[in-house]
Amino acid sequence: MSLRFYDTRARQVRDFVPLREGHVSLYLCGATVQAAPHIGHIRSGVNFDILRRWLVHRGYRVTLCRNVTDIDDKIINVASAEGVPWWEVSERNQRAFTWAYDILNCLPPTVEPRATGHVPEMIELMRRLIERGHAYPAADDSGDVYFDVTSFPDYGELSNQRLDQMRGAGDTDSDRGKRDPRDFALWKGTRPGEPSWETPWGSGRPGWHLECSAMATKYLGPTFDIHGGGVDLVFPHHENESAQSRAAGDGFARYWMHNGLLSMSGEKMSKSVGNSLLIPEIVREVRPVELRYYLAQAHYRSVIDYSVEALREAAAAYQRIEGFVTRAVEAVGDVAPSKELPEPFAEALDDDLGVSQALAAVHNHVREGNSALAEGAKERVAEVTARLRGMLTVLGLDPLSESWADTGDSGLRGVVDALVTVALNQRQAARERRDYATADEIRDQLLDAGITVEDTPHGPRWELRNG
Ligand SMILES: [Zn+2]
């Protein structure tokens, strides 16, 4: 069976054949670092990390370029609201993203370029586009440079739209100096108080789309294998990246892969949903490995409708896997992950990265392993565990992997929960006999141990205080 993926541009599943034998070049649109990451941002990191691990398992050398958009309208707005420089906002949030990728066991990209470090490459790309008649500096000398969408007959092909049905790009305050409102900004002329860089057409700052084209081709070459990102980036971001690079004469991406979004009750997650969806908050509910399992289990192209209940169910499903691996190793000693993977698992991942079906194979192994344990069939336990760990390694979910060792409380959280429950039951009993002094003393002792207790309609809830 061959490796195949759904290609957004072809609108069908295509066999994957890399440009260079044995090598895969992959560009993934990374974060625009105006805020700390929430669970929706991190999904694409997890999905494409599994793609990368699978390609590596299939014997490819993978070069992953994941950029950081460190200059943007939103970053400038946050900085001005806080009264700090734009780069302070970018630095702080980039660190928060790196931390989140790390605790979710996403392997670091081969290269992680920042937009503002690639202005010369962007100027060069604009120069090529202007020379070929696909771009022009704004007529009003504002310093804006626009891409002329009518000059490129394939404009709209990635997002499957016709130019005559498109509205204006709406990417500048007014359409200052545009020939056509649908033309998009490659470069935005200086506005007072904003950072700017010099170009032959005036000073200003890069447009988002131009950044990705310049960085992708710098690190991966004019033509590369796969371009990935969230499905919300197909238009205008990826359409514009593709148009400007191909109009300049580059082949650009050969396959386009897009992950589905995370929604709350069917609504696309926005920045305004609040702090409860930030990664540091979510990993108070479940462990990072359980969050990774939750984000990985749905097909990457499907929509995940987020709920805390679904998150907890995923955690419970992961604990069944982990529980077996722990008991198996106790019974038969350490078992190394097998490189040979079961056929149904490999076929599922070959077929457009079907992680859900691959996990069905994982759970079948857990069931088989549990009955082998019950029968005391040690050899079978060892075999099943080796295959299971092999599969979990490819998914970045092996409970015995060192990556999860320092994420803290593996197993211990359950112990603490049990101990706190004992204390809370005693507190409840004290209250029922109206012994409030004892009830308060129990609460204070928990507090001294760093545990805060909150009484909710569903009973008391505890958490560890930070710091
Ligand atoms: Zn991008």
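Residues numbered from 1 in each chain as written. Predicted model: local features only at pLDDT ≥ 70, side-chain atom pairs only at ≥ 80, totals over all residues.

- The protein chain is annotated in an unreviewed UniProt entry as Cysteine--tRNA ligase from Halostreptopolyspora alba.
- UniProt, in its Subunit (unreviewed entry) section for the protein chain, records the words "Monomer." (UniProt positions renumbered as here; feature names shortened; annotations may be inferred.)

**Topic: the pairing of strand S9 (residues 202-206)**
Two faces belong to every sheet, and in a regular strand the side chains alternate between them.
Okay, so step 1: Of the strand pairs in this sheet, strand S7 (residues 184-189) and S9 are connected by 3 bridges, and their pairing is antiparallel. By the bridge assignment, Gly-189 is partnered in S9 with Gly-204.
Okay, so step 2: As paired elements, strand S8 (residues 197-199) and S9 share 3 bridges and run antiparallel to each other. Note that in S9 the partner of Glu-198 across the bridge is Ser-203. (Pairing = 2+ DSSP bridges. Helix = DSSP H or I, 4+ residues; strand = E, 2+ residues; numbered from the N terminus.)

**Side note on unusual backbone geometry**
Okay, so step 1: Each neighbour pair has its own omega, and for Phe-235 with Pro-236 the value is 0°, a cis peptide bond.
Okay, so step 2: Tracing the sequence through the fold places Pro-236 in helix H6 (residues 234-247).
Okay, so step 3: Even without being glycine, Arg-11 reaches a positive phi, approximately 55°.
Okay, so step 4: Looking at where Arg-11 falls in the secondary structure, it is placed in the loop between strand S1 (4-7) and strand S2 (12-15).
Okay, so step 5: Residue Arg-11 is classed as exposed on the basis of its C-beta count, with 10 C-beta atoms lying within 10 Å.
Okay, so step 6: Not every positive phi belongs to a glycine, and Asp-352 is a case in point at roughly 55°.
Okay, so step 7: Along the chain, the position of Asp-352 falls in the loop between helix H10 (343-350) and helix H11 (355-375). (Buried ≥ 20, exposed ≤ 12 C-beta atoms within 10 Å, placed from the backbone.)

**Quick look at the nonpolar core**
Okay, so step 1: By size, the foremost hydrophobic cluster in this structure holds 111 residues, and its most contacted members are Met-126, Tyr-146 and Leu-186.
Okay, so step 2: Per element, the largest residue contribution to this core is 8 residues, and it comes from helix H1 (residues 39-57).
Okay, so step 3: Counting contributing residues, this core receives three or more from each of domain 1 (4-264) and domain 2 (287-404). (Core = buried A, V, L, I, M, F, W, Y, C linked by C-beta atoms within 7 Å. Domains from an automatic or database assignment.)

**A word on the packing of H10 against H11**
Okay, so step 1: Orientation of H10 relative to H11, taken along the N-to-C sense of each, is 170°, at an axis distance of 7 Å. Here H10 is positioned roughly antiparallel relative to H11, judged by the angle of their axes. Side by side, H10 and H11 meet where Pro-344, Phe-345, Ala-348 and Leu-349 of the first sit next to Gln-357, Ala-358 and Ala-361 of the second.
Okay, so step 2: Taken together, the residues that form the contact of H10 with H11 break down as 6 nonpolar, 1 polar and no charged. (Axes fitted to C-alpha atoms, helices over the stretch in contact; angles between N-to-C directions. Parallel < 35°, antiparallel > 145°, perpendicular 65-115°, else oblique. Contact = placed C-beta atoms within 7 Å. Nonpolar A, V, L, I, M, F, W, Y, C, P; charged D, E, K, R; others polar.)

**Section: helix H9 (residues 308-332)**
One turn of the α-helix equals 3.6 residues, which is why residues spaced by three or four share an orientation.
Okay, so step 1: For H9, with 25 residues, the first-to-last C-alpha span of 36 Å sits near the 36 Å given by 1.5 Å per residue.
Okay, so step 2: Turning to H9, its buried residues are Ala-314, Tyr-318, Ile-321, Glu-322, Phe-324, Val-325 and Ala-328.
Okay, so step 3: Remark: Gly-333 follows H9 within two positions and exhibits a positive phi of approximately 85°. (Expected span 1.5 Å × (residues − 1).)

**A closer look at the pairing of S2**
Okay, so step 1: Relative to S2, S1 runs antiparallel, the two being bridged by 4 bridges. Bridged to Phe-5 within S2 is Arg-14.
Okay, so step 2: Joining the antiparallel neighbours S1 and S2 is a turn of 4 residues, in which Arg-11 adopts a positive phi near 55°.

**Some remarks on the sheet that holds S9**
Okay, so step 1: Within the open sheet, the 5 strands sit side by side as S5-S6-S7-S9-S8. Their pairing is antiparallel. The open sheet is flanked by strand S5 (135-137) and S8, the only strands paired with a single partner. Within the sheet, the average angular offset between the axes of one strand and its neighbour, ignoring direction, is 35°.
Okay, so step 2: The sheet contacts of helix H4 (residues 119-131) involve S5, strand S6 (145-147), S7, S8 and S9, and relative to S5 the element is tilted by about 105°.

**Thoughts on helix H8 (residues 288-297)**
Okay, so step 1: In terms of residue burial, H8 counts as a mostly covered element, since 9 of its 10 residues are buried.
Okay, so step 2: Buried residues of H8: Pro-288, Val-289, Glu-290, Leu-291, Arg-292, Tyr-293, Tyr-294, Leu-295 and Ala-296, and no others.

**Observations concerning the environment of Arg-287**
Okay, so step 1: Relative to the helices and strands, Arg-287 is located in the loop between helix H7 (279-285) and H8.
Okay, so step 2: Arg-287 gets classed as buried once you count the C-beta atoms within 10 Å, which come to 22.
Okay, so step 3: Along the sequence, Arg-287 and Pro-200 sit 87 residues apart, while their C-alpha atoms lie 51 Å from each other.

**Points about the sheet that holds strand S10 (residues 223-230)**
Okay, so step 1: The strand order across the open sheet built from 4 strands is S4-S3-S10-S11, with neighbouring strands paired in parallel fashion. Edge positions in the sheet fall to strand S4 (61-66) and strand S11 (252-259), since each of these pairs with one other strand and no more. Taking each pair of neighbouring strands and ignoring which way they run, the sheet shows an average axis angle of 25°.
Okay, so step 2: Pairing geometry for S10 and S11, over 7 bridges, is parallel. Residue pairing for S11: His-227 is matched across the bridge by Trp-256.
Okay, so step 3: Each of strand S3 (23-28), S4, S10 and S11 is contacted by H1, which is oriented at about 160° to S4, the strand it contacts most.
Okay, so step 4: Of the strands in this sheet, S10 and S11 are in contact with H6, which crosses S11 at around 175°.

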